[in-house]
Amino acid sequence: MTEPDTRVVEQRLRISARPETVWHYWTDPHRMCDWWGTAAELDPRPGGTCRVETGGGPIMRGEFVELVPYERIVFSFGWEPTDDAPAIAPGSTRVEVTLAPDGGDTILTLRHSDIPAAHAGEHRAGWGHFLPILADIAGAHERETQR
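Right, let's walk through the structure included here. Note that the structure is predicted; figures quoted are calculated from it, not measured.

Quick notes on the pattern of salt bridges
For the coordinates displayed, the defined rule picks out 13 salt bridges. Taking the shortest distance from any N to any O, the salt bridge between R45 and D43 comes out at 2.9 Å. R45 gets classed as partly exposed once you look at its relative accessible area, which sits at 45%. Here R61 makes a salt bridge to E80, at a shortest N to O gap of 3.1 Å. Within this pair, whereas R61 is found in strand 4 (residues 59–68), its partner E80 is found in the loop between strand 5 (72–77) and strand 6 (93–102), the two being separated by 19 residues in sequence. Overall, the relative accessible area of 36% leaves R61 in the partly exposed class. Judged by relative accessible area, E80 falls into the buried class, the value being 18%. The network of salt bridges with shared partners includes R51, E53, R61 and E80.

Next comes the structure, spelled out in structure tokens:
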């Protein structure tokens with residue numbers, strides 16, 4: 001039996017907000033919808049649901065694997081089967097998010113692993129689109145709360 005051809009997507013960016021602020025945009029369903037989807041069902045505990053509706057498009061479904069408050073979030077990731085969803089079974093890939101403080105900012109590193117090679121490019125582009133939105137929204141929130 002041969003191993004499947006999979007890829008890793010890794011992205012890093014600076015967010016002008018503290019890790020505590022950024023954390024909530026990954027664990028609070030209302031804040032998740034500010035940057036990633038139109039509806040989210042999140043139960044941020046190991047084994048808890050992680051489901052994000054992407055606004056008429058595919059629905060991401062997985063579960064939380066590990067949470068270290070304000071430092072690390074790990075969840076499984078895949079797509080509910082529909083005609084417009086990538087052929088990646090719910091929970092079959094892994095996303096690791098690391099939040100490192102840097103002054104008053106956060107260095108966010110996202111590592112999405114076990115992606116079928118045929119879908120790595122679209123996931124690289126997807127994270128490349130959504131993570132800057134997260135950075136803008138979390139940074140704006142941080143500035144607003146410091147006033």
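Observations regarding the sheet that holds strand 4
The strand order across the open sheet built from 7 strands is 1-7-6-5-4-3-2, with neighbouring strands paired in antiparallel fashion. The sheet is open, and its two edges are formed by strand 1 (6–15) and strand 2 (39–42), each paired on a single side. On average, each strand axis in the sheet is inclined to that of its neighbour by 20°, with strand direction left out of account. Two strands pair when backbone bridges link them, and strand 1 and strand 7 (residues 105–116) are joined in this way by 9 bridges, in the antiparallel orientation. Counted as the bridge partner of L13 is L108 from strand 7. Here helix 3 (residues 120–145) sits on the sheet in contact with strand 1, strand 5, strand 6 and strand 7, set at roughly 20° to strand 1.

Rules and cut-offs
Residues numbered from 1 in each chain as written. Predicted model: local features only at pLDDT ≥ 70, side-chain atom pairs only at ≥ 80, totals over all residues. Heavy atoms only, no water. Salt bridge = Lys/Arg side-chain N within 4 Å of Asp/Glu carboxyl O. Buried < 20%, exposed > 50% of the residue type's maximum accessible area, 1.4 Å probe, protein only. Helix = DSSP H or I, 4+ residues; strand = E, 2+ residues; numbered from the N terminus. Pairing = 2+ DSSP bridges. Axes fitted to C-alpha atoms, helices over the stretch in contact; angles between N-to-C directions. Contact = heavy atoms within 4.5 Å.

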